[in-house]
Amino acid sequence: MTDDVRNIVLGVVAAGISAALGWVARTYLWKRRLRRKQAFFGLPDHSESLLVVNRGAGGPELSVMRYDVFALLELAALIKDCRAHAQVLPHDTARQGFGERTEFCVGGPASNRRMTAHLASLLPGVRVNADPEPGPDRGAFQIGAERYRLDPGKEEYVLLARLTAGQNDDSRPVFLFCGQTAITNQAATRYLARHHERLARTYGSRPFVLLLKVVSSQAYGPDVVELVADVTRTARSPLPAPAPRPSHRTS
């Protein structure tokens, strides 16, 4: 074997080894990112999850508003990336507890009965004005002592939460997308899809509740979203009891 042939053979072998090492490294990094993503969403391989959505008021068939459909598509892509499966359930048929399967609950309490139950049991520090009558506080969020009013198309708020049942590390999380409008629900799911790696680094498996503001949705749709605050502590603490009304009775 001449020196030229030997150099060619050695070059081919070195290139093959480098390619194999590169493939192994990329595969390792990809699998590590996948495992982190699965752990954050509580979605191991071939696991089942629930997508709980509103049921339209027009009849018994399942019908979902356009922006809520877009929100479901965002979540379905996340679930597929985790190699998991999803079952879509209307809010008024999802009569089961939480913790056994990851749940994604979309919609405000005015149209989602299960969201109402989740807010009452998991976020006692949050009140949502679901009064159908028009008024300045219609749809407003009260989180602790702060109130966040809806300004349709200009400033709209949505809560994005990851919560678990009690202190059980084995329980699967429930994700809440509680918006003042349907487009804010989509904005929250898109925010989660874009920032889940940062949220996983920040919170790990700990619960969190984020208040997001959707800016100028009439012009920008669900794309311009600002993080207002981490309201986890306030949202999970019961609201103080209202002060008793003074008595006007005379002796």
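Before reading on, note that the structure itself is shown above.
Residues numbered from 1 in each chain as written. Predicted model: local features only at pLDDT ≥ 70, side-chain atom pairs only at ≥ 80, totals over all residues. Heavy atoms only, no water.

Colleague: Help me understand the environment of Phe 40 in this model?
Modeller: Topologically, Phe 40 is positioned in helix α1 (residues 3-41). Considered as a pair, Phe 40 and Gly 204 are 164 residues apart in the sequence and their alpha carbons are 6.8 Å apart. Among residues more than four places away in sequence, those in contact with Phe 40 are Arg 162, Pro 173, Phe 175, Leu 192, His 196, Leu 199, Ala 200, Gly 204 and Phe 208. (Helix = DSSP H or I, 4+ residues; strand = E, 2+ residues; numbered from the N terminus. Contact = heavy atoms within 4.5 Å.)

Colleague: Can you walk me through a positive patch on the surface in this structure?
Modeller: A cluster of basic residues, Arg 32, Arg 36, Arg 198 and Arg 201, forms a positive patch on the protein surface. Listing elements by their share of the positive patch, those giving two or more residues are α1 and α4 (182-203). Structurally, Arg 32 can be placed in helix α1. (Patch = residues over 30% accessible without salt bridge, like charges linked within 9 Å, V, L, I, M, F, W, Y side chains within 5 Å. Areas by Shrake-Rupley, 256 points an atom, 1.4 Å probe, with all protein chains shown as cover. Salt bridge = Lys/Arg side-chain N within 4 Å of Asp/Glu carboxyl O. Lys, Arg positive; Asp, Glu negative; His and termini not counted. Charge placed at Lys NZ, Arg CZ, Asp CG, Glu CD.)

Colleague: Just checking my understanding: could you explain the side chain of Thr 164 for this structure?
Modeller: Of note, Thr 164 is situated in the loop between β7 (155-163) and β8 (174-179). Filtering out sequence-adjacent residues up to four positions away, Thr 164 remains in contact with Ser 171 and Pro 173.

Colleague: Any chance you could explain the packing of helix α2 (residues 66-81) against α4 here in plain terms?
Modeller: Two quantities define a packed helix pair, namely the angle between the helix axes and the distance between the axes. Between α2 and α4, the shortest axis-to-axis distance is 7 Å and the interhelical angle comes to 20 degrees. By the angle class used here, α2 and α4 are roughly parallel. In terms of crossing hand, the pair formed by α2 and α4 is left-handed. Residue-level inspection shows Tyr 67, Asp 68, Phe 70, Ala 71, Glu 74, Leu 75 and Leu 78 of α2 in contact with α4, the latter providing Ala 182, Ile 183, Asn 185, Gln 186, Thr 189, Arg 190, Leu 192, Ala 193 and His 196. (Axes fitted to C-alpha atoms, helices over the stretch in contact; angles between N-to-C directions. Parallel < 35°, antiparallel > 145°, perpendicular 65-115°, else oblique. Left-handed = near helix turned anticlockwise from the far one by under 90°.)

Colleague: Would you mind showing me how to read the environment of Pro 152 here?
Modeller: Within the secondary structure layout, Pro 152 lies in the loop between β6 (146-148) and β7. Exposure remark for Pro 152: the relative accessible area of 54% places this residue in the exposed category. As for Pro 152 and Val 215, which are separated by 63 residues in sequence, their C-alpha atoms are 9.8 Å apart. (Buried < 20%, exposed > 50% of the residue type's maximum accessible area, 1.4 Å probe, protein only.)

Colleague: Honestly, the sheet that holds strand β3 (residues 102-106) in this entry has me stumped. Any pointers?
Modeller: Note on sheets: strands pair through backbone hydrogen bonds, and any given pair is parallel or antiparallel. Taken in spatial order, the seven strands make up an open sheet running β2-β1-β3-β8-β7-β9-β10, and their pairing is mixed. The open sheet has two free edges, formed respectively by β2 (85-90) and β10 (225-230), since each of these has just one partner strand. Adjacent strand axes in the sheet meet at a mean angle of 20 degrees when their direction is disregarded. Alignment of β3 against β8, held across four bridges, turns out to be parallel. Bridge pairing in β8 places Glu 103 opposite Val 174. Lying over the sheet, helix α3 (residues 113-122) contacts β1 (48-53), β3, β7 and β8, oriented at roughly 110 degrees with respect to β8. (Pairing = 2+ DSSP bridges.)

Colleague: What is the right way to read the nonpolar core from this model?
Modeller: Here is a general trend for soluble globular proteins: nonpolar side chains tend to be buried in one another's company. Membership of the largest hydrophobic core comes to 28 residues, with the highest contact counts inside it found for Phe 41, Phe 104, Phe 177 and Leu 192. Core analysis: the next-biggest nonpolar cluster, separate from the first, contains 23 residues, Leu 50, Cys 105, Ile 143 and Tyr 157 among them. (Core = buried A, V, L, I, M, F, W, Y, C linked by side-chain atoms within 4.5 Å.)

Colleague: Looking at this model, I keep getting lost on the pattern of salt bridges. Mind explaining?
Modeller: It is possible for side chains bearing opposite charge to pair when their charged atoms get close. For the structure on display, the rule yields eleven salt bridges. Between Arg 147 and Asp 137 there is a salt bridge; the shortest N-O distance is 3.2 Å. Pair noted here: Arg 147 is in strand β6 and Asp 137 is in the loop between β4 (126-128) and β5 (141-143), with a separation of ten residues, a long-range link. Between Glu 226 and Lys 213 there is a salt bridge, with the nearest N and O atoms lying 3.8 Å from each other. Separated by 13 residues along the polypeptide, Glu 226 in strand β10 and Lys 213 in strand β9 (residues 208-215) bring together distant segments of the chain. When its relative accessible area of 39% is taken as the criterion, Glu 226 is described as partly exposed.

Colleague: Whenever I open this one, the layout of surface pockets confuses me. Can you help?
Modeller: Gaps left between atoms are located by rolling a probe of water-molecule size over the structure's atoms. Taken as a whole, the largest pocket encloses approximately 510 Å³ of empty space. When contributions to the lining of the largest pocket are tallied by element, the ones reaching two or more residues are α2 and α4. Take the lining of the largest pocket: its biggest share by element is three residues, from α4. Along the lines of polarity and charge, the residues of the lining of the largest pocket split into ten nonpolar, ten polar and four charged. (1 Å grid on protein atoms, 1.4 Å probe; cavity = no way out; pocket = protein on both sides within 12 Å on 5 of 7 lines; lining within 4 Å. Points joined across faces, edges and corners; volume = space filled by probe spheres on them. Nonpolar A, V, L, I, M, F, W, Y, C, P; charged D, E, K, R; others polar.)

Purely geometric stuff here, so don't read any function into it on its own.
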